[in-house]
Amino acid sequence: MRKSTILLLLACITLNLAKAQQPEKPSSSEIFEAVQKLNFLGSVLYVAAHPDDENTRLIAYMANNVKARTAYLSLTRGDGGQNLIGPEIRELLGVIRTQELLAARRVDGGEQRFSRANDFGYSKHPDETMDIWDKDQVLSDVVLAIRQFKPDVIINRFDHRRAGRTHGHHTASALLSMEAFDLVNNPSSYPDQLNKTELWQPKRLFFNTGWWFYGSRENFEKADKSNMLSIDIGVYYPLKGLSNNELASIASSQHLCQGFGRPTTRGEQSEYIEFLKGEPLNGSSSVFEGIDTTWNRIKGGKAIGDILYEVENNFDFRNPASHLPKLMEAYQLLSKVEDKHWKSIKTKQLKSIIEACSGLYLEASASNNWATQGETVSVNIEALNRSDANMVLESFNMPNAVNVKKDMSLANNQKLNFQDVFTVKTDADETTPYWLKEKGSLGMYKAEERFIGKPETPRVYNVDFNLLINNTPITFTKPVVYRYSKPDKGELYKPFEIIPQVTSSITEQVFIFENSQQKDITVIVKAGKDNIEGEVTIKHPNDWNVYPNIQKVSLKNKGEEQTLVFTVIPPPNQSEGYLNPVVTVGDKTYDKKLVEIEYNHIPFQTVLLPNESKVVRLDIQKKGENIGYIQGAGDVVPESLQQIGYNVVTIDPKDINPELLSKLDAVVIGIRAYNTIDDLKFKQEQLFDFVKEGGNLIVQYNTSFRLKVDQLAPYDLKLSRSRVTDENAEVRLLDTNHPVLNYPNKITSKDFEGWTQERGLYFPDEWGDEFTPILSMNDKGESPKEGSLLVAKHGKGHYIYTGLSFFREFPAGVPGAYRLFANMLSIGKDNISTEKKLED
């Protein structure tokens, strides 16, 4: 039964996330918990650097046990990480990880905030991090977050005293939090912020420490804990049927693109927080010592508290609607409170409780999930009261501010439906993540001042339902959504978006020309509205040619697509540049591509990005033809190898057998495949035998944590955490005569120019004498790292292990990365003409 309960909760959470924008439908237990939270006036802000850095155990504890308003400030959106579930990297990965954080907060009960900092990749020191981020801007964002959220307590995830010993972003987040703590109440610090917020001083600042910061559990046992507070985060919540650490595990498991799906845990478990700044604790076990967290905290709050504490103490689980008279009385008193901060927070919470207690269902569903500027949109309005409360729908305001009078009684369980329309403004902003509207820098995103700190772009198309409940006016605002169904999935929801009248996209982000032969490229044009007539041209570098110059496009129906084929002719010599499709309709031009991101665990996402594809004319030679690729975490390596003329077949590890391998010249293992694919441990010997018989096996980076195989290579090979994060770090060729640097392409230092984000990661630091290290590189001030590319002869073939970040360089069209990889695939193939053929 216990297992069934947890599985049911997991299923419900997954289902709700898959049905993005679905209205909340809280049970009596959830309403009661909301009342408990309503009656606690205290806040906690948790601070770290990335999505998945947050300690969901502590966030869940503060939000659900303490009942505090709890938020996580993640300085970045995790754009620089890897993606285990799909091909999205960089900006699009940041969109996914933003939504995974919001999904986690929906589970653990917290809120979410961000700064404008861009996750530019791994950094080894906070000084480097601060330089690339623009410290002043990020510090400003942290100060703003504290002034707006007004936490009584701040908890840092990382130690500000560990500079150079961990990720620079991690240490930087702690340093910025420490500094901001002393600035937020200073009127001279970022005074422009005081036009929209006010000074604030948190009571105290903690560091969420643990044994891992001390190197071992034994060291932590011996540590002085006199300045620490121990919290049992394994408490059990009968109303949820879950322990706090179970809830936290479910929240953490929302970070699926980072491979954080994990079993739930339960039972007593201690978390430690170390006091750093502010008013010390005087022997109390509460972080809120000395802070009034009752309604007495605010002027006029006592009378509200007297009402709401009674509701809490005598809550009617069978009939929550019985509390509506008292709740409406409290709502009236709350409207007169002078404290704007708590008035805003508690009004929002109280309105949600009133809505839930009355079984009130309000919805505005559009006829489609998108519209364009100037378009008229049909909306179905639904209003339903499922209680005996005296309720009247006075009117509703459409998104264009038109007030529609109704003055209709909302009798118990008698649904009202209306059809209405609104017209999208001709200058309406198109829907896209606000931080991607304008190109930022390596370290910082750009954002309009009104959006800074927000997790996502606020919905602007809403319907206001103006009601009378027990003769008291109250307004509920609902975003316009698109509600629909599929026979195999049931009822679904999508957000309502504004898109351009027409968008276009090229099917590939990068086109590699291995010689001077022309290639056909495909441009897909999509209509955002009916009756699109226009023409498409492609901007291109001067030394490239595209034919035809112009093509007509004609689309009758909204959502319809038309495929156009253009021929691209490269120059005779090595060159690179960009192709930019432009669609002209009337006197307007459109140059954006529409990216739609859809995964079951996060809401549907619409992203508008500049429509461009890189073209690269390479000076490249290759040997061998047939390549097998075993997918690991998401990457575009197979497509990239096809671009330079290889025949690539994706192999399911279950299907690996000697007959299949005999038809291949080389097998490439995708990034982190040995961390994620269980079946590989049963196929390793067959892969080694393939190498013995003359094949080449290229293994891209893995981590030593959770390796699925006991023997990664046919010879001794030990992975480490060594990496080179400077993409411009000098690369030294250790064995200039080695075939991998000479055949069929001569590799020089020029081939390591223009790399992006990093050189590589998780290099081996120990290997057998059979391996030859090819390259040496290091970040500034560090010792040389020689494990980025290791080649070993094994029988007739070659085993190659590489931590070089080809998965980042290929999508960026880095010429040298392609040339080097071609050499890796070609090694040992000189003077050998392969006759291997793959069956269709």
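Note that the structure is predicted; figures quoted are calculated from it, not measured.

Trainee: Could you clarify how one ought to interpret the side chain of R819 in this entry?
Mentor: For R819, the position within the fold is in helix α18 (residues 815–826). Its relative accessible area of 9% is what places R819 among the buried residues. At 2.6 Å, the side chain of R819 and the backbone oxygen of D619 are in polar contact.

Trainee: So what exactly am I meant to see when it comes to the sheet that holds strand β6 (residues 228–232) here?
Mentor: To summarise the sheet geometry, strands pair through backbone hydrogen bonds and adopt either a parallel or an antiparallel arrangement. Spatially, the seven strands line up as an open sheet ordered β3-β2-β1-β4-β5-β9-β6, and their pairing is mixed. Sheet topology places β3 (111–114) and β6 at the edges, where each strand pairs with a single neighbour. The sheet shows a mean angle of 30 degrees between the axes of neighbouring strands, direction not considered. For strand β4 (residues 153–156) and strand β5 (residues 204–209), the ladder comprises four bridges, and the chain directions are parallel. For I155, the partnering residue across the bridge sits in β5 and is F206. Across the sheet, helix α4 (residues 91–108) touches β2 (69–74) and β3, and the angle it forms with β3 is around 150 degrees.

Trainee: How do you make sense of the confidence of the model for the chain when you look at a structure like this?
Mentor: Caution is warranted with low-pLDDT regions, since their predicted coordinates should not be read in detail. Chain-level pLDDT for the chain is 93 on average; 96% of the residues reach the 70-or-more range. Scored below 50 in pLDDT, residues 1–20 makes 34 contacts in the model with residues more than four places away or belonging to other chains.

Trainee: Even after reading the chapter, I still don't get the pattern of salt bridges, so can you show me in this structure?
Mentor: One side chain can pair with another of opposite charge once the charged atoms of both are near each other. Counted according to the given criterion, the structure contains 46 salt bridges. Measuring nitrogen to oxygen at the nearest pair gives 3.6 Å for the salt bridge that ties K299 to E338. With K299 in the loop between β9 (270–278) and α10 (301–313) and E338 in the loop between α11 (324–334) and α12 (340–357), this residue pair connects regions lying 39 residues apart in the sequence. Grouping residues by exposure puts K299 and E338 together as exposed.

Trainee: Sorry if this is basic, but what is going on with the packing of aromatic side chains here?
Mentor: Given two aromatic rings, one states the distance between the centres and the angle between the planes to describe the pair. Applying the stated criterion across every chain yields a total of 30 aromatic pairs. Plain terms: the ring middles of F32 and F317 are 5.2 Å apart, the flat faces sit at 55 degrees to each other, and that makes the pair tilted. Taken together, the residues span a long stretch of sequence, with F32 in helix α2 (residues 28–38) and F317 in the loop between α10 and α11 at a distance of 285 residues. Between F688 and Y799, the ring centres sit 6.4 Å apart and the planes meet at 70 degrees, which makes this aromatic pair edge-to-face. In this pair, F688 sits in helix α16 (residues 684–692) while Y799 sits in strand β43 (residues 797–802), placing the two residues 111 residues apart along the sequence. In this structure F688 comes out as buried when scored by relative accessible area, which is 4%. With relative accessibility at 0%, the residue Y799 sits in the buried group. Of the aromatic side chains, those joined through ring pairs into one cluster are F752, W755, F806, F810, Y818 and F821. A cation sits over an aromatic face here: K225 above F220, 4.5 Å from the ring centre.

Rules and cut-offs
Residues numbered from 1 in each chain as written. Predicted model: local features only at pLDDT ≥ 70, side-chain atom pairs only at ≥ 80, totals over all residues. Heavy atoms only, no water. Helix = DSSP H or I, 4+ residues; strand = E, 2+ residues; numbered from the N terminus. Buried < 20%, exposed > 50% of the residue type's maximum accessible area, 1.4 Å probe, protein only. Polar contact = N/O pair within 3.5 Å; in protein donor to acceptor, adjacent residues only side chain to side chain. Pairing = 2+ DSSP bridges. Axes fitted to C-alpha atoms, helices over the stretch in contact; angles between N-to-C directions. Contact = heavy atoms within 4.5 Å. pLDDT = per-residue confidence, 0-100. Salt bridge = Lys/Arg side-chain N within 4 Å of Asp/Glu carboxyl O. Phe/Tyr/Trp six-rings, centres within 6.5 Å; stacked < 30°, edge-to-face > 60°. Lys NZ or Arg CZ within 6 Å of the ring centre and 35° of its normal.

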